[in-house]
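# Observations on the three-dimensional arrangement
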Amino acid sequence: MARVLVLYYSAYGHIETMANAVAEGAKSAGAGVVVKRVPELVPEEVAKASHFKLDQQAPIATIDELEEYDAIIVGAGTRFGTVASQMRNFWDQTGGLWFNGKLVGKVGSVFTSSATQHGGQESTLLSFIPTFLHHGMVVAGLPYAFQGQMGVDEVKGGSPYGASTITDGDGSRQPSAVELDAARFQGAHVAKLAAKLVG
């Protein structure tokens, strides 16, 4: 059985919802799945004033545990076209794992969100892939085998680089059915790849 970590940062809950869908997908493919989040860097009074979702139940991950998993699926919202600093800060501390090759051969995948349809989703997904490659990881995206990302019948996230959702400027839009299906598909896809590599 492949062990999959879904590692996320979610300020307002959208990525948390997507992370749980990714985990569902990975579990459906037979993986052992753990959902964790990275530490918040914003002072609590600022987070409260900004209406951050502070009641998230997932435990905080540690750097050292990353090597325990066969696949790591990372989720974080976009900030000015790149991954949120909370997730970046976490991965910037993985130098020891890199130096010792602890993540080489593991599967890496990423999903994201943005306020608008053109808010930097693809640049965020693409900008995180080099981190996986520096660690010697095998990169997986969201294949076009997931047909939900095709068509223009509705506004939706998703690209071959990874699942995504659109939140609207005030955060009022929650992940849609097709976006959650994309997250589940990506989770299952990564779990299947990891199982093959473990085998």
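Residues numbered from 1 in each chain as written. Predicted model: local features only at pLDDT ≥ 70, side-chain atom pairs only at ≥ 80, totals over all residues. Heavy atoms only, no water.

The name an unreviewed UniProt entry assigns to the protein chain is NAD(P)H dehydrogenase (quinone), from the organism Mycoplana dimorpha. Quoted verbatim from the Sequence similarities (unreviewed entry) field of the UniProt record, the comment on the protein chain reads "Belongs to the WrbA family." (UniProt positions renumbered as here; feature names shortened; annotations may be inferred.)

Further remarks concern the overall build of the protein chain. Helix and strand counts for the protein chain stand at six helices and eight strands. When the elements of the protein chain are put in sequence order from the N terminus, they spell out β-α-β-α-β-β-β-α-α-β-α-β-β-α. Computed over C-alpha atoms, the radius of gyration of the protein chain comes to 16 Å, within 12% of the 16 Å expected from 2.2 N^0.38 for 199 residues, which places it in the range of a compact globule. Accessible surface computed for the protein chain: about 9,200 Å², of which carbon and sulfur atoms make up 55%. Here the protein chain contributes 15 positively and 19 negatively charged side chains, and the mean placements of these two sets differ by 6 Å. (Helix = DSSP H or I, 4+ residues; strand = E, 2+ residues; numbered from the N terminus. Rg over C-alpha atoms; globule rule 2.2 N^0.38 Å. Areas by Shrake-Rupley, 256 points an atom, 1.4 Å probe, with all protein chains shown as cover. Lys, Arg positive; Asp, Glu negative; His and termini not counted. Charge placed at Lys NZ, Arg CZ, Asp CG, Glu CD.)

The UniProt record annotates "binding site: NAD(+)" (unreviewed entry) at Tyr12. Not counting residues within four places of it along the chain, the set of residues in contact with tyrosine 12 comprises Ser50, His51, Phe52 and Lys53. (Contact = heavy atoms within 4.5 Å.)

UniProt feature "domain: Flavodoxin-like" (unreviewed entry): in the numbering of this structure it lies at residues 4-190. A helix fraction of 33% and a strand fraction of 19% characterise residues 4-190, whose end C-alpha atoms lie 8 Å from each other.

Summed over all chains, the structure comprises 10 salt bridges. Between lysine 36 and glutamate 65 there is a salt bridge, with the nearest N and O atoms lying 3.0 Å from each other. Taken together, the residues lysine 36 in strand β2 (residues 32-37) and glutamate 65 in the loop between α2 (44-49) and β3 (71-76) connect sequence positions 29 residues apart. Accessibility assignment for this pair places lysine 36 and glutamate 65 in one class, buried. Here lysine 53 ties to aspartate 55 by a salt bridge, and the two come within 2.9 Å at their closest N and O atoms. Several salt bridges share partner residues, and in doing so they unite Glu16, Lys53 and Asp55 into one network. (Salt bridge = Lys/Arg side-chain N within 4 Å of Asp/Glu carboxyl O. Buried < 20%, exposed > 50% of the residue type's maximum accessible area, 1.4 Å probe, protein only.)

Another point: the pairing of β2. Pairing between strand β1 (residues 3-9) and β2: six bridges, direction parallel. When the bridges of β2 are listed, leucine 5 appears paired with valine 34. Note that the unit made of β1, helix α1 (residues 14-28) and β2 has a crossover that is right-handed. (Pairing = 2+ DSSP bridges. Right-handed = clockwise from strand over helix to strand, strands pointing away.)

Of all the residues in helix α5 (residues 121-134), the buried ones are Gln121, Thr124, Leu125, Phe128, Ile129, Thr131 and Phe132. The buried side chains of α5 occupy one side of the element, clustering within an arc of 160° when seen end-on. Summarising the geometry of α5, the exposed residues directed more than 90 degrees from the buried face are Leu133 and His134. At the C-terminal side of α5, glycine 136 shows a positive phi close to 80°. (Arc of directions from axis to C-beta.)

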